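Survey of secondary and tertiary structure
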There are 4 protein chains.
Amino acid sequence: MAEKYCRQNRGLSDKMEEECGVFGIYATDGKCDVANLTYLGLHALQHRGQESAGICVNDDGKLRVHKDMGLVTNIFNEDILTDLTGEITIGHVRYSTTGSSLLTNAQPLLVNSSKGDLSLAHNGNLVNSAEIRHNLESQGSIFHSTLDTEVIAHLVARSFKDDVIEAITHSLQQIKGAFSLVAMTEESLIAARDPYGFRPLSLGRKGDTYIIASETCAFDIIGAEFIRDIEPGEMIVINEDGIESLHYTERKPHTFCVFEFIYFARPDSNIGGQNVHLARREMGKQLAREMDVDADLVIPVPSSGIPSALGFSEESGIPYQQGILRNKYVGRTFIQPTQEIRDLKVRLKLNPIKEIIKDKKVILIDDSIVRGTTSKQIIRRVRSIGAKEVHMAISSPPVAYPCYYGMDTSRRKELIAAQKDIEGICQHIGADSLHYLSQEGLLDSINTNGYGFCTACFDGEYQIEIGTDKFALEK
Amino acid sequence: MAEKYCRQNRGLSDKMEEECGVFGIYATDGKCDVANLTYLGLHALQHRGQESAGICVNDDGKLRVHKDMGLVTNIFNEDILTDLTGEITIGHVRYSTTGSSLLTNAQPLLVNSSKGDLSLAHNGNLVNSAEIRHNLESQGSIFHSTLDTEVIAHLVARSFKDDVIEAITHSLQQIKGAFSLVAMTEESLIAARDPYGFRPLSLGRKGDTYIIASETCAFDIIGAEFIRDIEPGEMIVINEDGIESLHYTERKPHTFCVFEFIYFARPDSNIGGQNVHLARREMGKQLAREMDVDADLVIPVPSSGIPSALGFSEESGIPYQQGILRNKYVGRTFIQPTQEIRDLKVRLKLNPIKEIIKDKKVILIDDSIVRGTTSKQIIRRVRSIGAKEVHMAISSPPVAYPCYYGMDTSRRKELIAAQKDIEGICQHIGADSLHYLSQEGLLDSINTNGYGFCTACFDGEYQIEIGTDKFALEK
Amino acid sequence: MAEKYCRQNRGLSDKMEEECGVFGIYATDGKCDVANLTYLGLHALQHRGQESAGICVNDDGKLRVHKDMGLVTNIFNEDILTDLTGEITIGHVRYSTTGSSLLTNAQPLLVNSSKGDLSLAHNGNLVNSAEIRHNLESQGSIFHSTLDTEVIAHLVARSFKDDVIEAITHSLQQIKGAFSLVAMTEESLIAARDPYGFRPLSLGRKGDTYIIASETCAFDIIGAEFIRDIEPGEMIVINEDGIESLHYTERKPHTFCVFEFIYFARPDSNIGGQNVHLARREMGKQLAREMDVDADLVIPVPSSGIPSALGFSEESGIPYQQGILRNKYVGRTFIQPTQEIRDLKVRLKLNPIKEIIKDKKVILIDDSIVRGTTSKQIIRRVRSIGAKEVHMAISSPPVAYPCYYGMDTSRRKELIAAQKDIEGICQHIGADSLHYLSQEGLLDSINTNGYGFCTACFDGEYQIEIGTDKFALEK
Amino acid sequence: MAEKYCRQNRGLSDKMEEECGVFGIYATDGKCDVANLTYLGLHALQHRGQESAGICVNDDGKLRVHKDMGLVTNIFNEDILTDLTGEITIGHVRYSTTGSSLLTNAQPLLVNSSKGDLSLAHNGNLVNSAEIRHNLESQGSIFHSTLDTEVIAHLVARSFKDDVIEAITHSLQQIKGAFSLVAMTEESLIAARDPYGFRPLSLGRKGDTYIIASETCAFDIIGAEFIRDIEPGEMIVINEDGIESLHYTERKPHTFCVFEFIYFARPDSNIGGQNVHLARREMGKQLAREMDVDADLVIPVPSSGIPSALGFSEESGIPYQQGILRNKYVGRTFIQPTQEIRDLKVRLKLNPIKEIIKDKKVILIDDSIVRGTTSKQIIRRVRSIGAKEVHMAISSPPVAYPCYYGMDTSRRKELIAAQKDIEGICQHIGADSLHYLSQEGLLDSINTNGYGFCTACFDGEYQIEIGTDKFALEK
């Protein structure tokens, strides 16, 4: 079971950046439930962002938004939800990649324009937003935030198309990058996915109510059924005329972010018909097939290494043990130990169990290595309690190239695989051996209905050129 | 890996009550670190109580306490910890068993008496506190809280012994029940365990600094080494004269709470030389040996069912699958769904994965059943996604008798096994079959150095008669 | 002494709306003090708005704003102020006239545009903002707030003038209404007043540091000296080239809001060389000259009736008594008395003293009557403790016309003098007689250097036609 | 009008210490209103203490208390008040005289004892509490706070009298000092006043409901009528048997704190039949009769100097002017001006008006001088704006002796009149002349029904010897 959620303690994070989550509802019957359902949906998507969250409703035709910093359960309470009435909602959970976490950057964004009230929320990263922003400002637009979403809002407002749906279409044609977008006007719910389909976005249904969500786990919590994924380059418009599908651009080669399968998505979600947990288990099996190590135990680095470790054990026959405990109460820690407590941050989160590990040759399984810090610390602790050998096995290839469609720029320099070869990384983290799943093996582990994948972080082959946007702003 | 921690969402809880946690330090060198180390120790013990927490220090001979409602990480920050200087500390995390969670009931308790300042914190439940309280009140004592700890403080203040250590000894001789106590005066750290040794309490060391903790996992986080358990009926006094061990009473038959092994303790703790996780795994193996069910999959109810499910799978050969996902962001939920969303509370926490479970005969493994509510809901959900058969297996015997040494009185009536036989429970929760580990099998799974166990919740054999204290107050 | 400040308890308010307050600094020497001085200036202007407050600084050329809901002393603390470094600041205190008090409406407003960062704060109400807004939206601008300030920001961003100062000039030429504006770019502090000079705005100096403030009392608190009022239609630009005065439009007939003298301004401020407290005292004298009532005592309705009551007593010879006490701790009250406590809201604030009032013929003095509710309640209470006669005297003419330059639209309907004649009002409030100061007498009481006054709320003669902006938005 | 309330900004205070306030209700009919009425009563008594407040109710026979740090309006809201049901309540507002403002010192104090639940709240200072405390501790009592109230609670619990009323009587006989006490058991409301009657305490009635309050202004707010003062040495018990008056001790010479008339009490309260505001006005008249100064204006130091300044002007014929404005928004200020702003703290609160004061000979009137700091600063500011002469007149005699019945010990050293003669004080504060009201003149100004007064702070004649309690603890 992958548990990558609680990210309050930033310094501990040694993972790829997470992604935001979006949600939307169009209810044809009654009014009272949409905020509650959106709240539940965002709750299920909480793992995609813990910095801020928000819900927009159309209350008697007037759009209203409630958003704040923090977790979904802390931002909303019964009074607030009761007050958010309407038939249409969009919601958002945000993961911020920088220190400047500001309320002005929380979503959904609500703006007034000549095309009426418009609210937007999106998950992803535009690669030409700085360029568009510059153009818009030179035409007299003013910006209140550093959000890509505000760029899209301006394009809609500026569009020569009078109809807001046409204006959105027109705007989507101008932006480049990875995005899954939900938007709402007073009468319509809109959902759109970029032409390459980088980020997940699915359509569901509960009775006569349509639901849009980043992941299918958000359907489960409210008892909705999955209908289908929104297609790359597709825009869905739902209003009193029913549901309409538009293809606002020609479809590009599908390049779905493979890291959604490796780490981002919740294991109980399905993408392209493939359950995420089972894909991770399969990656573990494949990793076992590709490796040849003699060991006594397979031990996951919890929580994200668990499914692949289970698969690895099953395939290799090496016994699986949960030899490292993960403390659920990580939280924010203020301690600056004046007395030396080595590896404090990893101690707060992970504790290896001596009785299991002592005098054993162990294979530690994790989903990926970004900076290598956590790996180094946990290996040191595992050795200190008496492991005979410590082998590290990773259920994905080395992350050697930055992601321009979602990763925080400041972290791009920190990729250890961009600086060292496998031997060098192995030495750095102090393992007896280090093994990565091959890219081919990774892709073979995922059984989707003909999805193509973005593997740029492994092989540097970027579908969208990113050179034009040197002044990239915060997501 | 057992994960029983996050209990904010009370209604969801279908577990035995948790226990409080205590911690203490006596540092011979320097002053500055004790609050930080205590903070880390309480952090490691957070699973034993999430309602309130506190730390007391001797600051230039004057005792000072900081305590509040909430989690350790929320109550303390760098400023507060920096301000808590001294060489001696005690700390406490509290689990409240009732709705009346009040700051006045937070610990450590700090009192002024003729014997000087005294601070106390304890884990457990006295069975004669109402009686002693009544006697003390009739002699003119007044009480500010409903804490057993305050009863002990009064006994110390009232003691005819002038010396505070003697007075504590004298007081401990008068109380009956389960308790692990830490206390401090301006010069001494005291730790004591009841004569039966119901609750864990261990002594550790880090250089010249002595540490007392409810569980050994608190030693690991600060890099201290385990020395030995405090013995039943033993009191340790640490001050500038060194460390002294007193036996304040004759030792009674050891009756350690077996539920510490089943559920309460953190899996990475050791008790009596037995690692808790490994004991749970062994319970799962034993359960497999005692059962005879034909199934396709073994699936744990996360998190507490995981170790025994792993053991069960290993022993039975039935494949293990993490077919139910646990959401880490449970938190407090305010939703009163006006629209029917059945089993909402279990949905918020647990999500079974259809792709794994559909058309399968599954054995669900959990550590215990208290009220049966969660079991009923999760079985209903597992069936709804297409399980062919659902068998429930519990890695402990039926909880048919209330615990008077730690359980909230109001919950004593809710024990389903006190009202129904196994067949009746099976019907109630809607399983195809229901299996409990035998008491003998349970005890065989735990390999301690000659520990005896309290199994009163299974067999009703209470070591301490409890009839005299009918008006038992809140722990 | 007029005390109109604490307005948290909205329902109690029976006064004209208050106005916002603005403040700005350009420091030529050092950097460290500007945030502190701005904090003190806003503190002195707190009576002009208690809903929200904010400060913007140029920190190494980059504009940064800190703003929040609440009082100045609650929003800022030492850490925040220490962090707000720069040589230029603007600040704002806001009085909201509607229930929708939102953080997005707090000022200063900070925007990014092609002309660089720009921050604005203003006091007043535009009468053509809805029209301009409509035009801007139809050209593709989007709005995040309902602030007039955002309209001005858009005009600046849209201006064909490349230079930001020219663009501001150009923008001010397009807006109509009452406004006193402060703005800042990375290098310049700008202050401007509307062509009619509705709202006060003054220039001061402390050493080499220039200061702009809504009222002169803000100069006193920081030890600055008053230089002169900003003139109607004047814009001041202060930067490293020194201070420059521009007249961005032809000057209109001066129509200064006479209610600043009656109620809005702090009594220790001077406007046009006239001290406000002395003007109010003179209004009381003039009221005495215009009235002919036989009474035993003159009693002010505190706090705003005090200066005119003192003047009235001095002129009439009727003894002055503070026969009504005002409770300083009004605050927000949550009580919904289930048991009848009549006039609860006035009781919480005002308490007449029986020993002074019993068996006396009293004249109550207040500065104005808006809805009549407070007058009615206080007269009822004064009668209930035994007053023989209760005469009401108001130190201004009847407010019979709404103010379109600052009053909340929803309150425009509530003007009792718009619906009843003096006899009707007298009956409504239950007085034995009711007297208003004549408009001529009011204007004679104020001795400014040739100021003209807006008296539209008394006579309906609006200098700026307001018909074009029927969809007026919130200030 | 005396305004001594807002004391958040401690450094600014240059006044005698304030006193706490107590309130109590016994309702014979219905249940629902008592918490609301108590809330309103405490609101009216807020000027007697702003540090903390609390209400205790008997909810179905069980006592429950809600208390917190802060103002009454911040501590209670509708939910909390709705939850506080019962027929009997006591309430308290606390003024802390030390920096160690702790929640454990908030009142009412609720304790469990053999005599049942008991809640107490008191206003005053015991002079033998340290002695009693020492005795109690040596008999085994433990203390949680530094409150005198806890001492009384212990005496009650320890009393050999079984009946709680008798035990309270017995306890009151043992304590010495100034106190006005309210207490409640499950069935009774108790009120008692010390034998000298230092502090005010009155009995009121609203229908069949009895009310106890420190000041009569608390009756006005809830529409209750004043019945009579509780007499010195009297204890009132109200329960279902009706209202009973006991004299628990022989009556001592009445020595009511004269500072209640000078400063502490609210001007709209009556004490001994004398309205406080009118007494203060009379003090001003008497001061005028005793002085011979040629001046142009009489100016109060607001707010406490206003009533006596009005009386002074009336008697002397010298015109009264409110030449110093008091800012209502004092609050807590964090500013440490790096740039010299002289007299910042007085600037934040008081602003003299140049247009009134310039070139005038002024008499400033205040109620008392404690440390002299504010007087010095305001005189400096008044001179700086051009006053020709500044004479200071005080409507009470010099405070030359500490008050042991209510003043913070740390402030006892700061009394300027204990260190300097009038000439020396005059020089220190920088006045042209300084005048105090004579003690005889003070007492002549107050017209009570045969009250005697404690004037120890003026003449050092303490009714209760205070030497025995050298270790006096915080009130």
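Residues numbered from 1 in each chain as written. Chains lettered and ligands numbered in written order. Predicted model: local features only at pLDDT ≥ 70, side-chain atom pairs only at ≥ 80, totals over all residues.

Turning next to helix 13 (residues 373–384) of chain C. The α-helix advances 3.6 residues per turn, and as a result positions three or four apart in sequence lie on the same side. Residue and element names in this part refer to chain C. End to end, helix 13 covers 17 Å across 12 residues, agreeing with the expected 16 Å (1.5 Å per residue, within 8%). Summarising burial for helix 13: 9 of the 12 residues are buried, a large majority. Along helix 13, the residues classified as buried are Thr373, Thr374, Ser375, Lys376, Gln377, Ile378, Ile379, Arg381 and Val382. Once helix 13 finishes, Gly386 follows within two positions and takes phi at roughly 105°, a positive value. (Helix = DSSP H or I, 4+ residues; strand = E, 2+ residues; numbered from the N terminus. Expected span 1.5 Å × (residues − 1). Buried ≥ 20, exposed ≤ 12 C-beta atoms within 10 Å, placed from the backbone.)

Helix packing geometry: the angle between the two helix axes and the distance between the axes. All names here are of chain D. The contact between helix 5 (residues 148–158) and helix 6 (residues 164–172) brings their axes to 8 Å, and the two run at 125°. Between helix 5 and helix 6, the crossing angle belongs to the class labelled oblique. By crossing handedness, the relation of helix 5 to helix 6 is classed as right-handed. When helix 5 is examined against helix 6, the residues Ile152, Leu155 and Val156 are found in contact with a partner set consisting of Val164, Ala167, Ile168 and Ser171. Looking at the contact of helix 5 with helix 6 residue by residue, the class counts come to 6 nonpolar, 1 polar and no charged. (Axes fitted to C-alpha atoms, helices over the stretch in contact; angles between N-to-C directions. Parallel < 35°, antiparallel > 145°, perpendicular 65-115°, else oblique. Left-handed = near helix turned anticlockwise from the far one by under 90°. Contact = placed C-beta atoms within 7 Å. Nonpolar A, V, L, I, M, F, W, Y, C, P; charged D, E, K, R; others polar.)

Let us look at the interface of chain C and chain A. The interface of chain C with chain A comprises 15 residues on the first partner and 15 residues on the second. Listed by contribution, the elements that provide at least two residues to the side of chain C that touches chain A are strand 5 (109–113), helix 4 (129–138) and helix 5 (148–158) of chain C. With 4 residues, helix 5 of chain C is the largest single contributor of residues to the side of chain C that touches chain A. A per-class count over the side of chain C that touches chain A returns 5 nonpolar, 8 polar and 2 charged.

This next bit is on the sheet that holds strand 3 (residues 62–69) of chain A. Think of a sheet as strands paired side by side through backbone hydrogen bonds, with each pair either parallel or antiparallel. Residues and elements named next belong to chain A. Strand order in the open sheet made by the 7 strands is 3-2-4-1-10-9-11, with antiparallel pairing throughout. The open sheet has two edge strands, strand 3 and strand 11 (225–229), and neither has a second partner. Sheet twist, expressed as the mean angle between neighbouring strand axes with direction ignored, is 15°. In this sheet, strand 3 lies alongside strand 2 (residues 52–59) in antiparallel orientation, the contact comprising 8 bridges. If you follow Ile55 over to strand 3, its bridge partner there is His66. Packed on one face of the sheet, helix 1 (residues 34–44) meets strand 1 (21–26), strand 2, strand 4 (88–94) and strand 10 (209–213) and runs near 25° to strand 4. (Pairing = 2+ DSSP bridges.)

So, about the sheet that holds strand 4 (residues 88–94) of chain D. Residues and elements named next belong to chain D. The strand order across the open sheet formed by 7 strands is 3-2-4-1-10-9-11, and the pairing between neighbours is antiparallel. Looking at which strands have only one partner, the edges of the open sheet turn out to be strand 3 (62–69) and strand 11 (225–229). Each strand axis lies, on average, 15° off the axis of its neighbour in the sheet, ignoring direction. Taken together, the 4 bridges between strand 1 (residues 21–26) and strand 10 (residues 209–213) define a ladder with antiparallel strand orientation. Looking across to strand 10, one finds that Tyr26 is bridged to Tyr210. Sheet contacts for helix 1 (residues 34–44): strand 1, strand 2 (52–59), strand 4 and strand 10; angle to strand 4, the most-contacted strand, approximately 25°.

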